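Listed below are the residues making up each chain.
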Amino acid sequence: MPGLEDQLRRPVRGMRDITPEQYYALKKVEDGLSKVAEAFGYRRIETPAVEHFEVLARKAGREIVDEIYYFRDKAGRELGLRFDMTVPVARVLSYRLDEPKPVRWYYFTKVWRYDEPQHGRYREFHQFGVELVGSDSPRADAEVLALMAKSLEAVGVRDYVIRLNDRAAMDRMLASLGVGGSREEILRALDKRGKVPDGEILEMLRRAGLDGATAEALMALISERRPGSEAPDFFSKYDRDLGERYGRIVKALDAYGVLGRFEVDLSIVRGLDYYTGLVFEAYAGEYRLAVGGGGRYDNLIELYSGVRTPALGFAIGVERLMEAAGITRAERPLDYYVYPVTEDAFKTAVEVAEALRDKGASVAVDLGELTLREALERAAKTGVAYFVIIGRKELEKGVVRIRDMRKRVELEVELDRVRGGLASPYAP
Ligand code: HAM
């Protein structure tokens, strides 16, 4: 009988199956990142994958709206899969107005975007992120920036840089160039910098209403990069208050010991429309795509709740982070594989397995379909620390035979000791 057609055997385009050896790598990253967020006092939130389309579309920006997985349910509701967690968090806070501020929440979960699949770009992927809601303080900006730096470090990324810019400065810059046209369209064009050829960006800027010379001047201006420590001076060129704000942010970043990781980069403008102030993206080693991004979005929550609430956050693309950090697989060998040689050894085998499980070990009992040799071969191949053999001889002697699969030695251990729960076969 022919099985599924080839195409149906694979996951849907842009999505990936996560097999156990990949899952445990993902889980390790999840644990590392969650630990950092928890250590900073953030608490985990989860929301439904499905949202009202209207909620998602309200402030996504045109580009993202095109990427929303959209459908109608059987009752005719217009729904969509969340494309990030910032919007669902804003929605949750719109009906939990009395949540004490500042709110510190984090997430590690799946999001969906109908993007063109390519390297580092999937249609279903994981985001780890934090949202700090209800504070306008420069210290809040620094806390979130520092948290992003510490998150990258927690998974072993040593060589990284976080590039930052400020949308308020961008607005001043656009005004100083006498730019009319659509601000959002211009920012979206600038966000493509480095991702598409400059010629294409100039063309987009012209379509957004800029004349050729202004578009060129803007492109030259955004090429500037400075060390993060120069952010105060740099931004005060556009606005004194802004310069002062960055003075405070830089001081706080220095207190966190991560200031050296930051760079002012005027080409960082971000593709999402909801940003109002600080914007930033993280780059790791030679990995070309941003592993994470975030910023301040002081108007988004109000859009849902009607109450002005300053906020900022970031999200890291977990798959990209893992690729950049070279974390792809994590083996999870079994602690014990218990093999009853004869039918009457089965009950003892289960007893032994249960005693070991009670001690926290992961233990599989043979199902009676493999010969001893086959079971040993399989154990060597799939990863088992100790192979426990219980045959008639062992039963008579009141022992089990434990083969250390790594050292390739066998020990005899008294059954009573195993029944009592064995920390290690070598324990006295
Ligand atoms: P974002 O830049 O759209 O920001 O996404 C954050 C990260 O998710 C990106 O830096 C990237 O690593 C990853 N990512 C985005 N699209 C894909 C894709 N198609 N495949 C794989 N990874 C992808 C946000 O989502 C904002 N909500 C971040 C934020 C939180 N801003 C404030 N708070």
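The rules we used
- Residues numbered from 1 in each chain as written.
- Predicted model: local features only at pLDDT ≥ 70, side-chain atom pairs only at ≥ 80, totals over all residues.
- Heavy atoms only, no water.
- Domains from an automatic or database assignment.
- Helix = DSSP H or I, 4+ residues; strand = E, 2+ residues; numbered from the N terminus.
- Pairing = 2+ DSSP bridges.
- Axes fitted to C-alpha atoms, helices over the stretch in contact; angles between N-to-C directions.
- Near = heavy atom within 4 Å.
- Polar contact = N/O pair within 3.5 Å; in protein donor to acceptor, adjacent residues only side chain to side chain.
- Areas by Shrake-Rupley, 256 points an atom, 1.4 Å probe, with all protein chains shown as cover.
- Phe/Tyr/Trp six-rings, centres within 6.5 Å; stacked < 30°, edge-to-face > 60°.
- Buried < 20%, exposed > 50% of the residue type's maximum accessible area, 1.4 Å probe, protein only.
- Lys NZ or Arg CZ within 6 Å of the ring centre and 35° of its normal.
- Salt bridge = Lys/Arg side-chain N within 4 Å of Asp/Glu carboxyl O.
- Arc of directions from axis to C-beta.
- Core = buried A, V, L, I, M, F, W, Y, C linked by side-chain atoms within 4.5 Å.
- Parallel < 35°, antiparallel > 145°, perpendicular 65-115°, else oblique.
- Left-handed = near helix turned anticlockwise from the far one by under 90°.
- Contact = heavy atoms within 4.5 Å.
- Nonpolar A, V, L, I, M, F, W, Y, C, P; charged D, E, K, R; others polar.

### Here's the deal with the domain arrangement of the protein chain
At step 1: Looking at the protein chain, the domain boundaries give domain 1 (6-325) and domain 2 (336-419).
At step 2: With centres defined by C-alpha atoms, the gap from domain 1 to domain 2 works out at 51 Å.

### A look at unusual backbone geometry
At step 1: In this structure, Pro102 follows Lys101 across a cis peptide bond, with omega equal to -5 degrees.
At step 2: Mapped onto the elements of the fold, Pro102 is located in the loop between α5 (86-95) and β5 (103-112).
At step 3: One non-glycine residue, Arg270, lies in the positive phi region at around 75 degrees.
At step 4: Tracing the backbone through its elements, the reader meets Arg270 in the loop between β9 (262-265) and β10 (278-284).

### Let's talk about the sheet that holds strand β4 (residues 78-81)
Sheets are built from strands that pair by backbone hydrogen bonding, the pairs being arranged parallel or antiparallel.
At step 1: Spatially, β2-β4-β3 is the arrangement adopted by the three strands of the open sheet, whose pairing is antiparallel. Lying at the two open borders of the sheet, with one neighbouring strand each, are β2 (50-52) and β3 (70-72). Strand-to-strand twist across the sheet, computed as the mean angle between neighbouring axes with direction ignored, equals 40 degrees.
At step 2: Bridging between β2 and β4 involves three bridges; their strand directions are antiparallel. Within β4, the position partnered with Glu51 by the bridge is Gly80.

### Thoughts on the site of the ligand
At step 1: The full set close to the ligand counts 27 residues, and Asp84, Thr86, Tyr122, Tyr274 and Tyr275 are the nearest of them.
At step 2: A distance of 2.9 Å separates an oxygen atom of the ligand from a polar side-chain atom of Arg270.
At step 3: The contact in question runs from an oxygen atom of the ligand to an N or O atom on the backbone of Val291, over 3.0 Å.
At step 4: Starting from 660 Å² of accessible surface for the ligand in isolation, the protein chains cover 95%.

### Focus on the packing of aromatic side chains
At step 1: Tallied over the full model, the rule gives 15 aromatic pairs.
At step 2: Relative to Tyr24, the ring of Tyr23 has its centre 5.5 Å away and its plane inclined at 85 degrees; by these criteria the two rings are edge-to-face.
At step 3: A residue is classified by how much of its surface remains accessible, and Tyr23, at 36% relative accessible area, is partly exposed.
At step 4: For Tyr24, a relative accessible area of 30% corresponds to the partly exposed category.
At step 5: When the centroid spacing of 5.3 Å and the interplanar angle of 80 degrees are considered together, the rings of Tyr69 and Tyr114 count as edge-to-face. Taken together, the residues span a long stretch of sequence, with Tyr69 in the loop between α4 (62-65) and β3 and Tyr114 in the loop between β5 and β6 (124-133) at a distance of 45 residues.
At step 6: Overall, the relative accessible area of 44% leaves Tyr114 in the partly exposed class.
At step 7: One aromatic cluster is present, built from ring pairs that chain together Phe234, Phe235, Tyr238 and Tyr246.
At step 8: Note that Arg16 overlies the ring of Tyr122, its terminal NZ or CZ placed 4.6 Å from the centroid.

### Here's the deal with the pattern of salt bridges
At step 1: Scanning all chains against the criterion turns up 40 salt bridges.
At step 2: Close ionic contact of Arg163 with Asp265 constitutes a salt bridge, the shortest N to O distance being 3.8 Å. In this pair, Arg163 is assigned in strand β7 (residues 160-166) and Asp265 in strand β9, connecting sequence segments 102 residues apart.
At step 3: For Arg163, a relative accessible area of 15% gives the class buried.
At step 4: Of the charged contacts, one joins Glu203 and Arg207 as a salt bridge, the two residues approaching to 3.9 Å between their closest N and O atoms. Here Glu203 and its partner Arg207 are both found in helix α9 (residues 198-207), four residues apart, which amounts to about one turn of the helix.

### Details of α9
At step 1: Looking at α9, one finds that the buried residues are Ile201, Leu202 and Leu205. One side of α9 carries all its buried residues, which in axial view fall inside an arc of 100 degrees.
At step 2: Positive backbone phi, approximately 110 degrees, marks Gly209, located one or two places after α9.

### A closer look at the environment of Ile162
At step 1: Mapped onto the elements of the fold, Ile162 is located in strand β7.
At step 2: Here Ile162 falls in the buried class, since its relative accessible area comes to 0%.
At step 3: A C-alpha to C-alpha distance of 12 Å links Ile162 and Leu289, two positions 127 residues apart in sequence.

### Some thoughts on the nonpolar core
At step 1: Within the largest apolar cluster, 75 residues are counted, with the highest numbers of intra-cluster contacts made by Phe128, Leu205 and Phe235.
At step 2: Of all the elements, helix α6 (residues 138-154) adds the most residues to this core, at nine residues.
At step 3: Judged by nonpolar contacts, the second largest core, of 34 residues, contains Phe83, Leu272, Val279 and Leu300.

### A word on the sheet that holds strand β17 (residues 409-414)
At step 1: Taken in spatial order, the five strands make up an open sheet running β14-β13-β15-β16-β17, and their pairing is mixed. Looking at the sheet topology across the chains shown, the edges are occupied by β14 (363-365) and β17. The average undirected angle you get between the axes of adjacent strands in this sheet is 25 degrees.
At step 2: Of the pairings in the sheet, the one linking strand β13 (residues 334-340) to strand β15 (residues 384-390) comprises six bridges and is parallel in character.

### Thoughts on the packing of α9 against helix α10 (residues 212-221)
At step 1: Direction vectors running N to C along α9 and α10 enclose 130 degrees, while the axes themselves pass 9 Å from each other. Comparing the axis directions of α9 and α10 gives the class oblique. α10 is crossed by α9, and the crossing has right-handed handedness. When α9 is examined against α10, the residues Asp198, Ile201, Leu202, Leu205 and Arg206 are found in contact with a partner set consisting of Gly212, Ala215, Glu216, Leu218 and Met219.
At step 2: Its residues placed into classes, the contact of α9 with α10 shows six nonpolar, one polar and three charged.

### As for the pairing of β10
Consecutive side chains of a regular strand alternate in pointing toward one face of the sheet and then the other.
At step 1: Counted residue by residue, β10 has seven buried out of seven residues, so it is predominantly covered.
At step 2: Here β10 shows two buried faces, one formed by Leu278, Phe280, Ala282 and Ala284 and the other by Val279, Glu281 and Tyr283.
At step 3: As paired elements, β10 and strand β11 (residues 292-296) share four bridges and run antiparallel to each other. In the sheet register, Ala282 faces β11, and the bridge partner there is Gly292.

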